[in-house]
Amino acid sequence: MNSFSVQRRNQMKILLIAAISILPFIAAWLYTLHPEWLGSRGNYGRLVTPALPMNYSEMLEQPVANRTAGEALPGRWVMVMVTGDQCGDDCLELVSKTYQLRLMLNKETLRVRRLLLMDGTGFSAGLQQWLSHDDQLAIALLKPGVRRLLEQANGGDLQPGQILLLDPEANLMMVYQAGFDPYGVLRDLKHLLRASQIG
């Protein structure tokens, strides 16, 4: 084998290594330009495009319970739930499902938080009992301005049993409809947590 073919083979190896090294950066850059591609590749939830910036100061202006849990929301992925003024059986089922979802994240649990926005300050007996063992559930009063933004992202009135997902920069970026499959949400969350360097 002459020196020219050896040199040619070495050049090909270097080019291959360079291509393999650069491909992940190109893929990340393309995804940044076209986040909707994530949705077309099988996201379980509906991607909100463009993502809608939210304001924690406004969302948490009137905390109803677990003020400390509310203070821990910024910089985390947050599952937002909306309910009426009591949080009846359907609301408690949703609170329980999101609680279980966090537990299924195992070591990533602390990166995901939950926020329940209520129309009123009356607590059902079931919610009072739930809060006795769940100090990670932040609860605040749902302000009209916040409701309008959530409905804008939802594309209409909010429905009982929905989850709206905020990224660590408080952008509302995904919606899960009532009756969602927890394993579908879990799959999305794991993907987002792997891809995210923040939160």
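Computed from a predicted model, the values in this text were never measured in an experiment. (Residues numbered from 1 in each chain as written. Predicted model: local features only at pLDDT ≥ 70, side-chain atom pairs only at ≥ 80, totals over all residues. Heavy atoms only, no water.)

## Quick word on the overall build of the protein chain
For step 1, the next point in the chain: A tally of helices and strands in the protein chain yields eight helices and seven strands.
For step 2, the next point in the chain: Burial statistics for the protein chain: of 199 residues in total, 41% are counted as buried.
For step 3, the next point in the chain: Counted over contacts in the protein chain with a minimum sequence separation of 6, partners at least 24 positions apart contribute 69%.
For step 4, the next point in the chain: Roughly 11,300 Å² of accessible area belongs to the protein chain as shown, and the carbon and sulfur atoms make up 56% of that amount. (Helix = DSSP H or I, 4+ residues; strand = E, 2+ residues; numbered from the N terminus. Buried < 20%, exposed > 50% of the residue type's maximum accessible area, 1.4 Å probe, protein only. Contact = heavy atoms within 4.5 Å. Areas by Shrake-Rupley, 256 points an atom, 1.4 Å probe, with all protein chains shown as cover.)

## Things to note about a nonpolar patch on the surface
For step 1, the next point in the chain: Together, I22, L23 and I26 make up a nonpolar patch on the protein surface, roughly 270 Å² of accessible area in all.
For step 2, the next point in the chain: Among the secondary structure elements, I22 is positioned in helix α1 (residues 3–33). (Patch = residues over 30% accessible without salt bridge, like charges linked within 9 Å, V, L, I, M, F, W, Y side chains within 5 Å. Salt bridge = Lys/Arg side-chain N within 4 Å of Asp/Glu carboxyl O.)

## What to know about the nonpolar core
For step 1, the next point in the chain: Residues L116, L127, L137, I139 and L165 are the most contacted members of the largest nonpolar core, which totals 32 residues.
For step 2, the next point in the chain: Among the secondary structure elements, those contributing two or more residues to this core are β3 (77–83), α5 (89–104), β4 (112–118), α6 (125–131), β5 (137–141), β6 (163–166), β7 (171–176) and α8 (182–195).
For step 3, the next point in the chain: Beyond its immediate stretch of four places on either side in the chain, L137 contacts A65, N66, A69, M81, V95, R114, L116, W130 and L131.
For step 4, the next point in the chain: Ranked by size, the runner-up nonpolar core spans 25 residues in total, among them Y56, A69, L164 and L172. (Core = buried A, V, L, I, M, F, W, Y, C linked by side-chain atoms within 4.5 Å.)

## Notes on the state of the cysteines
Linking two cysteines covalently via their sulfur atoms produces the bond known as a disulfide.
For step 1, the next point in the chain: Enumeration over the complete set of coordinates arrives at one disulfide.
For step 2, the next point in the chain: A disulfide bridge connects C87 with C91, and the sulfur atoms are separated by 1.9 Å. Across the S-S bond of C87 and C91 the torsion is about -85°, and the bridge reads as left-handed. The residues C87 and C91 share a single accessibility class, namely buried. (Disulfide = S-S within 2.5 Å.)

## Focus on the packing of α5 against α8
For step 1, the next point in the chain: At a minimum axis distance of 10 Å, the contact between α5 and α8 shows a crossing angle of 45°. For the element pair α5 / α8, the angle class is oblique. Between α5 and α8 the crossing geometry is right-handed. Along the contact surface, α5 presents K97, L101 and M104, while α8 presents P182, Y183, V185, L186 and K190.
For step 2, the next point in the chain: Residues belonging to the contact of α5 with α8 are distributed by class as follows: six nonpolar, no polar and two charged. (Axes fitted to C-alpha atoms, helices over the stretch in contact; angles between N-to-C directions. Parallel < 35°, antiparallel > 145°, perpendicular 65-115°, else oblique. Left-handed = near helix turned anticlockwise from the far one by under 90°. Nonpolar A, V, L, I, M, F, W, Y, C, P; charged D, E, K, R; others polar.)

## Considerations on the packing of aromatic side chains
For step 1, the next point in the chain: Overall, the coordinates contain two aromatic pairs when judged by the stated rule.
For step 2, the next point in the chain: Each ring, one from Y99 and one from W130, has its centre 5.4 Å from the other, and the planes form 85°; the classification is edge-to-face. Here the residue Y99 occupies a position in helix α5, and W130 occupies one in helix α6, the gap between them amounting to 31 residues.
For step 3, the next point in the chain: Residue W130 is classed as buried on the basis of its relative accessible area, which comes to 14%.
For step 4, the next point in the chain: Between K97 and the ring centre of F180, over which it is positioned, the NZ or CZ distance is 4.0 Å. (Phe/Tyr/Trp six-rings, centres within 6.5 Å; stacked < 30°, edge-to-face > 60°. Lys NZ or Arg CZ within 6 Å of the ring centre and 35° of its normal.)

## Let's talk about α8
For step 1, the next point in the chain: With 14 residues, α8 ought to run about 20 Å at 1.5 Å a step, and its terminal C-alpha atoms sit 20 Å apart, in line with that.
For step 2, the next point in the chain: For α8, the set of buried residues is G184, V185, L186, D188, L189, L192 and L193.
For step 3, the next point in the chain: Measuring from the side-chain oxygen of the N-cap residue of α8 to the backbone nitrogen of Y183 gives 3.0 Å; that N-cap residue is D181. (Expected span 1.5 Å × (residues − 1). Polar contact = N/O pair within 3.5 Å; in protein donor to acceptor, adjacent residues only side chain to side chain.)

## Let's talk about the confidence of the model for the protein chain
For step 1, the next point in the chain: The predicted model of the protein chain averages 88 in pLDDT, with 89% of residues at 70 or higher.
For step 2, the next point in the chain: Ranking the elements of the protein chain by mean pLDDT puts helix α2 (residues 36–40) last with 50 and β6 first with 97. (pLDDT = per-residue confidence, 0-100.)

## Here we look at the sheet that holds β6
Remark on secondary structure: sheet strands pair via backbone hydrogen bonds, oriented parallel or antiparallel.
For step 1, the next point in the chain: With mixed pairing, seven strands are arranged side by side in an open sheet as β1-β7-β6-β3-β4-β5-β2. If you trace the sheet from one side to the other, it starts and ends with β1 (46–53) and β2 (63–65), each paired once. If you compare each strand with its neighbour and ignore which way they point, the axes differ by 30° on average.
For step 2, the next point in the chain: Here β3 pairs with β4 via seven bridges, running parallel. Looking at β4, one finds that T83 is bridged to M118.
For step 3, the next point in the chain: Of the strands in this sheet, β3, β4, β5 and β6 touch α5, which is tilted by about 170° from β4. (Pairing = 2+ DSSP bridges.)

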